[in-house]
Amino acid sequence: LDMTAMCDVAFLLLTFFMLTTKFKPDEPVVVDTPGSVSQTILPDANVLIISVDADGKVFLGVDSERTRLAMLDKMAGEYKVPFSEGQKTQFRLTSTFGAPVAALPQVMSTTGKARAQLQTGIPADSLDNQLAKWVTYARLAHSEINNNDREKQLRMVIKADKGTKYEVVKKVIDTMMDQNLNKFNLITSLEAMPEGFGRREGEGN
């Protein structure tokens, strides 16, 4: 059989995928999650992730670009912070961020290490709980975009470093519960199940 045509198609497809693939951008926060034996797999869409690094800095990420842009517009109106179109575009393309609202225009105007240094974390204190506002507006924007479809509601996820102080993680959890968000997931690293775990009484030795 003449395989020339098939080889040409295969290389064309390979070239197409190489040129159209988008590499995942580097996240501004590195989180070394604690281990567990849970095997629940998170969905690929409709997810809001709150990340907390070892220093206690809080970051937030939403998978939908439309939701990111819509919640930014709501936060900009709430805090009276102007954003240029270029800064809005950068925010729309940023998967995870962690800075006070007033500092976001400057953050979105920089790149690389300079941007990472400006991201000091989203305030989550009782006096200025911007994290609560972000979560509220993210849910509202996502619901409006998806016409209040219950099957496409944002799923809340907390991803905390194993070295993070308990008090910081508790602030994040309290922020969720203050908004009646009592169902959320914690991201962990998968570990091997301990020997004998899950056995019924009387099974094995």
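Throughout, a residue's number is its position along its own chain's written sequence, starting from 1. For this predicted model, a pLDDT threshold of at least 70 governs which residues receive local features, and a threshold of 80 or more governs which side-chain atom pairs are given and counted, while totals over whole chains, interfaces and linings are taken from all residues. Processing note: side-chain calculations cover all non-hydrogen atoms of the structure and skip hydrogens and water entirely.

### Here's the deal with the overall build of the protein
- For the purposes of this entry, the term helix denotes a DSSP run of H or I that reaches at least four residues, the term strand denotes a run of E that reaches at least two, and both are numbered from the N terminus. When its secondary structure is counted, the protein shows seven helices and seven strands.
- Of the regular secondary structure in the protein, the N- to C-terminal order runs α-β-β-β-α-α-β-α-α-α-β-α-β-β.
- Taken across its 205 residues, the protein has 33% of its residues classed as buried.
- For the protein, long-range pairs separated by at least 24 residues make up 65% of all intrachain contacts whose partners lie at least 6 apart in sequence. Relative accessibility thresholds used throughout: buried, under 20% of the residue-type maximum; exposed, over 50%; partly exposed, between the two (1.4 Å probe, protein chains only). Whether two residues are in contact is decided by their heavy atoms: any pair within 4.5 Å suffices.

### Some words on the layout of surface pockets
- Of the volumes computed, that of the second largest pocket is approximately 490 Å³.
- Where the lining of the second largest pocket is concerned, the elements lending two or more residues are α6 (130–145) and β5 (155–160).
- Ranked by residues supplied to the lining of the second largest pocket, first place goes to α6 with five residues.
- Here the nonpolar group is Ala, Val, Leu, Ile, Met, Phe, Trp, Tyr, Cys and Pro; Asp, Glu, Lys and Arg are the charged ones; every other residue, Gly included, is treated as polar. The class makeup of the residues in the lining of the second largest pocket is five nonpolar, nine polar and six charged. In this analysis the probe radius is 1.4 Å and the grid spacing 1 Å, with only protein atoms considered; a cavity is a set of points the probe fits into but cannot get out of, a pocket is an open set with protein on both sides within 12 Å along at least five of seven lines, and lining residues have an atom within 4 Å of a point. Grid points are joined across faces, edges and corners, and a volume is the space filled by probe spheres set on the points.

### Observations concerning the sheet that holds strand β6 (residues 185–186)
- The mixed open sheet is built from five strands, whose spatial order is β4-β3-β2-β5-β6. Only two strands of the sheet have a single partner each, and these edge strands are β4 (96–97) and β6.
- Whether two strands pair comes down to DSSP finding at least two bridges between them. Pairing of strand β3 (residues 58–62) with β4, which is carried by two bridges, proceeds in the antiparallel orientation. Note that in β4 the partner of G61 across the bridge is T96.
- Running over the sheet, α6 touches β2 (47–52), β3, β4 and β5 and is turned about 5 degrees from β3. All axes here are fitted lines through C-alpha atoms, helices being fitted over the stretch that makes contact, and every angle between N-to-C directions spans 0 to 180 degrees.

### A look at the packing of aromatic side chains
- Two aromatic rings from Phe, Tyr or Trp, using only the six-membered ring of Trp, form a pair when their centres are within 6.5 Å; if the ring planes differ by under 30 degrees the pair is stacked, by over 60 it is edge-to-face, and anything between is tilted. Going through the model one piece at a time under the given rule, you end up with four aromatic pairs.
- When the centroid spacing of 5.9 Å and the interplanar angle of 20 degrees are considered together, the rings of F91 and W134 count as stacked. Taken together, the residues F91 in helix α3 (residues 85–92) and W134 in helix α6 connect sequence positions 43 residues apart. Like F91, the residue W134 is buried in the burial classification.

### Details of the environment of L93
- Relative to the assigned elements, L93 resides in the loop between α3 and β4.
- For the pair L93 and D63, spaced 30 residues apart in sequence, the C-alpha to C-alpha distance is 10.0 Å.
- Here L93 is in contact with E65 and R68, once residues within four sequence places are set aside.

### Here we look at unusual backbone geometry
- The phi dihedral of N46 falls on the positive side, at around 60 degrees, and the residue is not glycine.
- Structurally, the position occupied by N46 is in the loop between β1 (35–36) and β2.
- A positive phi angle, near 55 degrees, is found at K80, a position not held by glycine.
- Within the element layout of this structure, K80 appears in the loop between α2 (65–79) and α3.

### Details of the confidence of the model for the protein
- Confidence of the predictor at the level of single residues is given by pLDDT, which spans 0 to 100. For the protein, mean pLDDT is 83; residues scoring 70 or higher make up 81% of the total.
- Within the protein, the element-level pLDDT minimum falls on β1, averaging 61, and the maximum on helix α4 (residues 104–108), averaging 96.
- Between residues 199–205, whose pLDDT stays under 50, and residues either more than four places distant or in other chains, the model counts two contacts.

### Some thoughts on a nonpolar patch on the surface
- For patch detection, residues must exceed 30% relative accessible area and be free of salt bridges, and they are connected within 9 Å for like charges or within 5 Å for nonpolar side chains (Val, Leu, Ile, Met, Phe, Trp, Tyr). In short, Shrake-Rupley with a 1.4 Å probe defines the accessible areas, and a residue's cover is counted only from the protein chains shown. For this document, the term salt bridge refers to a Lys or Arg side-chain nitrogen within 4 Å of an Asp or Glu carboxyl oxygen. Taken together, the side chains of V9, L13, F16 and F17 present a nonpolar region at the surface, about 410 Å² in accessible area.
- Mapping V9 onto the fold places it in helix α1 (residues 4–20).
- With a relative accessible area of 47%, V9 lands in the partly exposed category.

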